[in-house]
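Below, each chain spelled out in residue letters.
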Amino acid sequence: MDTPTQILEEYFSGLMTIVDQSTKSQADQILMAGAMMAVAKMLYHNNLTEQEYNNIVNHNVRDLINLIKPTIH
């Protein structure tokens, strides 16, 4: 039986394969990332309680800001 970590790794690898096969430029990859983020928000909203949804979205936004903050000049 696969662990949640193994399943997540498989999903990640599958998504990266889709990106590699369907994008031709950096702009395409940025657009794909935005689309994936939008899908994630929809799936969270459809499958979590309102409080769980708000918590995970707020946490993910903080992570994203911390990730890109060093690149902002």
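Predicted model only: the values in this text are computed from it and were never measured.

Novice: Looking at this structure, I do not really get the layout of surface pockets. What am I missing?
Specialist: Picture a little ball the size of a water molecule; that probe, rolled over the atoms, points out where space is still empty. A volume near 870 Å³ is recorded for the largest pocket. Surrounding the largest pocket, 20 residues form its lining, Ala33, Met36, Met37, Ala40 and Asn60 being those nearest its centre. Those elements that provide at least two residues to the lining of the largest pocket are helix H1 (4-22), helix H2 (26-47) and helix H3 (50-68). Among the elements that take part in the lining of the largest pocket, H2 stands out by supplying 10 residues, more than any other. Taken together, the residues of the lining of the largest pocket break down into 16 nonpolar, 2 polar and 2 charged.

Novice: Any chance you could explain the packing of H1 against H2 here in plain terms?
Specialist: For any two helices packed against each other, the geometry is given by the interaxial angle and the distance between the axes. Where H1 contacts H2, the axes come no closer than 10 Å and their chain directions differ by 145 degrees. Here H1 runs over H2; the crossing is right-handed. Within the contact between the two elements, H1 uses Leu15, Ile18, Val19 and Ser22 and H2 uses Gln29, Met32 and Met36. Considered class by class, the residues forming the contact of H1 with H2 number 5 nonpolar, 2 polar and no charged.

Novice: Is there a simple way to explain the packing of H2 against H3 in this structure?
Specialist: The interhelical angle for the contact between H2 and H3, taken along N-to-C directions, is 155 degrees, at an axis separation of 9 Å. As judged from the angle between their axes, H2 and H3 are roughly antiparallel. Residues Met37, Lys41, Tyr44 and His45 of H2 pack against Glu50, Tyr53, Ile56, Val57, Asn60 and Leu64 of H3.

Novice: Can you help me understand the environment of Ile65 in this one?
Specialist: Within the element layout of this structure, Ile65 appears in helix H3. Put simply, Ile65 and Thr49 are 16 residues apart on the chain and 24 Å apart in space, counted from C-alpha to C-alpha.

Novice: Would you mind going over the side chain of Thr23 with me for this structure?
Specialist: The topology assignment puts Thr23 in the loop between H1 and H2. Here the side chain of Thr23 touches Val19 through a polar contact of 2.6 Å, landing on its backbone oxygen. Excluding residues that lie within four positions of it along the chain, Thr23 makes contacts with Asp28, Gln29 and Met32.

Novice: What am I meant to see in a nonpolar patch on the surface here?
Specialist: Together, Met37, Leu64, Leu67 and Ile68 give the surface a local cluster of nonpolar side chains, amounting to about 380 Å² of exposed area. Broken down by element, the nonpolar patch gets its largest block of residues, 3 residues, from H3. Considering the arrangement of structural elements, one finds Met37 in helix H2. What makes Met37 partly exposed here is its relative accessible area of 47%.

Reading guide: rules and limits
- Residues numbered from 1 in each chain as written.
- Predicted model: local features only at pLDDT ≥ 70, side-chain atom pairs only at ≥ 80, totals over all residues.
- Heavy atoms only, no water.
- 1 Å grid on protein atoms, 1.4 Å probe; cavity = no way out; pocket = protein on both sides within 12 Å on 5 of 7 lines; lining within 4 Å.
- Points joined across faces, edges and corners; volume = space filled by probe spheres on them.
- Helix = DSSP H or I, 4+ residues; strand = E, 2+ residues; numbered from the N terminus.
- Nonpolar A, V, L, I, M, F, W, Y, C, P; charged D, E, K, R; others polar.
- Axes fitted to C-alpha atoms, helices over the stretch in contact; angles between N-to-C directions.
- Left-handed = near helix turned anticlockwise from the far one by under 90°.
- Contact = heavy atoms within 4.5 Å.
- Parallel < 35°, antiparallel > 145°, perpendicular 65-115°, else oblique.
- Polar contact = N/O pair within 3.5 Å; in protein donor to acceptor, adjacent residues only side chain to side chain.
- Patch = residues over 30% accessible without salt bridge, like charges linked within 9 Å, V, L, I, M, F, W, Y side chains within 5 Å.
- Areas by Shrake-Rupley, 256 points an atom, 1.4 Å probe, with all protein chains shown as cover.
- Salt bridge = Lys/Arg side-chain N within 4 Å of Asp/Glu carboxyl O.
- Buried < 20%, exposed > 50% of the residue type's maximum accessible area, 1.4 Å probe, protein only.

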